[in-house]
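Observations on the model geometry
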Amino acid sequence: MDVELTHPIYDIVGQVADEMGIDAYAVGGVVRDYFLQRPCSDIDIVCVGSGIALAKEVALRIDPHKEVHVFHNFGTAQFTYLYNNVEWEIEFVGARRESYQRDSRKPIVEDGTLQDDQNRRDFTINAMAVCLNSSRRGELVDPFGGIIDLDRGVIRTPLDPAVTFSDDPLRMLRAIRFASQLHFVILPECFQAIQNNAERIKIISMERISSELNKILLSERPSEGLLLLYKSKLLSYFFPELENLKGVETRGGLSHKDNFYHTLEVVDNVARKSDDLWLRWAALLHDIGKPATKRFDEKLGWTFHGHEVKGAKMVGRIFRRLRLPLDAKMKYVEKLVMLHLRPIVIADDVVTDSAVRRLLFEAGDDIDDLMLLCEADITSKQEAKKKRFRENYKLVRQKLVEIEEKDRIRNFQPPVSGLDIMQTFGLGPCHEVGVIKDAIKDAILDGTIPNNRDAAWQMMLTLANNMGLKQVDSKSDDSIIM
Ligand code: ATP
Ligand code: MG
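What counts and how
Residues numbered from 1 in each chain as written. Chains lettered and ligands numbered in written order. Predicted model: local features only at pLDDT ≥ 70, side-chain atom pairs only at ≥ 80, totals over all residues. Heavy atoms only, no water. Helix = DSSP H or I, 4+ residues; strand = E, 2+ residues; numbered from the N terminus. Rg over C-alpha atoms; globule rule 2.2 N^0.38 Å. Buried < 20%, exposed > 50% of the residue type's maximum accessible area, 1.4 Å probe, protein only. Contact = heavy atoms within 4.5 Å. Areas by Shrake-Rupley, 256 points an atom, 1.4 Å probe, with all protein chains shown as cover. Lys, Arg positive; Asp, Glu negative; His and termini not counted. Charge placed at Lys NZ, Arg CZ, Asp CG, Glu CD. Expected span 1.5 Å × (residues − 1). Polar contact = N/O pair within 3.5 Å; in protein donor to acceptor, adjacent residues only side chain to side chain. Pairing = 2+ DSSP bridges. Axes fitted to C-alpha atoms, helices over the stretch in contact; angles between N-to-C directions. Core = buried A, V, L, I, M, F, W, Y, C linked by side-chain atoms within 4.5 Å. Domains from an automatic or database assignment. Buried area = accessible area lost by both parts, 1.4 Å probe. Salt bridge = Lys/Arg side-chain N within 4 Å of Asp/Glu carboxyl O. Arc of directions from axis to C-beta.

Scanning the protein chain from terminus to terminus reveals 24 helices and 15 strands. Here the C-alpha radius of gyration of the protein chain, 30 Å, is well above what a compact globule of 482 residues would show, namely 23 Å. By principal-axis analysis of the C-alpha atoms, the protein chain measures approximately 90 × 65 × 40 Å. Counting only residues that meet the buried cut, the protein chain has 50% of its 482 residues in that class. For the protein chain, the share of sequence-separated contacts (at least 6 apart) that also reach a separation of at least 24 residues comes to 66%. Total accessible area on the protein chain is roughly 23700 Å²; 50% of this is exposed by carbon and sulfur atoms. Seen as two clouds, the 65 positive and the 74 negative side-chain charges of the protein chain have centres 5 Å apart.

Below, the structure written as structure tokens:
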């Protein structure tokens, strides 16, 4: 079969390899993605010889000043290449044979043939190579039937799966990630080998684990990968909190829903509407506090009171362990977990202006994401209940727009600041300032005073008067009480 790879780098590599008298191939993901017609922006080149020497020579042809990153300990070299407004990562490696020791995923490496190099690759669909030399340009080298597996939608290792997964346990996560991204099936003996080797995931760094987990979350239906993580037992080694959501308990004939499956459904619902990784994380964690707050109440049945507060508190610990960013992205996930019941509560009751104003104030610019999460959270099997919630949501959404137009709460800044209060009454930072500030904020959110400076100022004066505070000349410093 002739494969027509069109990127200009292939012509240059082919020409240079001819001149150097070595064989060079495009290999791995780039060949797979060519057949799947998936976009791809990293190209792997393998040559039977020195990958570093080939990379340097190719770079020289493109631009004598091109920066080449050489990794001597891996025998690889890499540079970037701008084409069609995309920054392509071009990586070169010499064909090699690998052997592994039990306690590490770092192999002992020797020079090898193309076949040796294909043997060390993780899956048949990732082990295909396309020759770039002019005499064999476009020739597909596919020793394990990768093309057939692509067609059948199958993930399979080139060699014995038990050895492949034990050698480098990261491959277990990669198998699940590809299954999720491509909607492929992991062959049963391959999956069995993952289950048998799951414990070996312990030698993999959290950064690599979360990078695969994020790719699963970003796939079209994340539940496919998440379910495989659970079934393979891998989940229990790096994300026990998610695994703990699994299970149904029944008492007095009353059962609660299985929160693991519910969570998967919510993540898929969100994924249908948004590509945002952190919103998907919020969906994944929205009920994470449920196991810790589960109670059985004789009158109410199963309850999970406060699970949103508990869940929000767990976010930081989970992000830290998984080496996810601890910046604004984590805060965003915490906030959505914390607030995820609020629109439901409002929608379940009479939709009051004041409840909507408070929700707007607390969610700020994340209100649309919060509403999306909450609608995704409706997974009831009872159609009538679902319909009622959806209709009430419509009402909440309508109210949100009306109130935002009227009161501009979304980026609410109190019209009277703490500094205003301190300067007017000659106070330092103290309890009274907080009380006045909060009372003004509450009055605006409750709609008892309008959201403007005059009304807020009047209220400040009244409150201060009731508290026995006296106005001072703002230029005098003598009267400041600390
Ligand atoms: P993506 O780029 O979407 O993450 P990919 O398959 O291209 O997928 P890369 O990490 O770019 O993954 O790796 C390129 C190729 O290197 C793979 O297609 C595979 O042949 C090989 N490879 C990568 N990681 C491993 C591994 N852990 N074990 C064996 N082979 C691997
Ligand atoms: Mg790749």
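Having seen the model, we can carry on.
The next thing to look at is helix H17 (residues 328-339). Taking 1.5 Å of rise per residue, twelve residues should cover 16 Å, and H17 covers 16 Å from first to last C-alpha, within 8% of that figure. Listing the buried residues of H17 in full gives Met 330, Tyr 332, Val 333, Glu 334, Leu 336, Val 337 and Leu 339. Sitting at the amino-terminal end of H17 is Asp 327, which places a side-chain oxygen 3.0 Å from the backbone nitrogen of Lys 329.

Right, let's talk about the sheet that holds strand E4 (residues 76-83) for a bit. Spatial ordering of the open sheet is given by E3-E4-E5-E2-E1-E8-E9, a layout of seven strands whose pairing is mixed. The open sheet has two free edges, formed respectively by strand E3 (69-71) and strand E9 (140-141), since each of these has just one partner strand. Two strands pair when backbone bridges link them, and strand E1 (residues 24-27) and strand E8 (residues 129-131) are joined in this way by three bridges, in the antiparallel orientation. By the bridge assignment for E8, Val 27 is matched with Ala 129. Those strands touched by helix H1 (residues 8-20) are E1, strand E2 (42-47), E4 and strand E5 (86-94), and its axis lies near 135° from that of E4. Along the sheet, helix H2 (residues 29-36) makes contact with E1, E2, E8 and E9, crossing E1 at roughly 60°.

Attention now goes to the nonpolar core. The biggest cluster of nonpolar side chains holds 137 residues, and the ones touching the most others in it are Leu 54, Phe 238, Phe 239 and Trp 281. Other than its neighbours up to four places away in sequence, Phe 238 contacts Leu 173, Met 206, Ile 209, Leu 213, Leu 229, Arg 321 and Leu 322. Val 27, Val 46, Val 93 and Val 141 belong to the second-largest nonpolar core, a separate cluster that totals nine residues.

To continue, consider the domain arrangement of the protein chain. Domain annotation of the protein chain identifies domain 1 (8-152), domain 2 (153-238) and domain 3 (418-481). The straight-line distance from the C-alpha centre of domain 1 to that of domain 2 is 24 Å. With 24 residues of domain 1 at the interface, the matching set in domain 2 holds 25 residues. Of the roughly 2000 Å² buried where domain 1 meets domain 2, counting both sides, 53% is carbon and sulfur surface. Interface area lost by domain 1 to domain 2 is led by Arg 105, Asp 122 and Phe 123, which between them contribute 34%. At the junction of domain 1 with domain 2, the criterion picks out two salt bridges.

Before going further, it helps to examine helix H24 (residues 453-466). Every α-helix carries 3.6 residues per turn, so stepping three or four residues along brings you back to the same face. Compared with an ideal rise of 1.5 Å per residue, which puts 14 residues at 20 Å, H24 spans 20 Å between its outermost C-alpha atoms and is within 8% of the ideal. By the burial criterion, the buried members of H24 are Ala 455, Ala 456, Met 459, Met 460 and Ala 464. Down the axis of H24, the smallest arc covering the buried residues is 160°, so these residues share one side. In this structure, H24 carries Asp 454 and Asn 465 as exposed residues pointing more than 90 degrees from its buried face.

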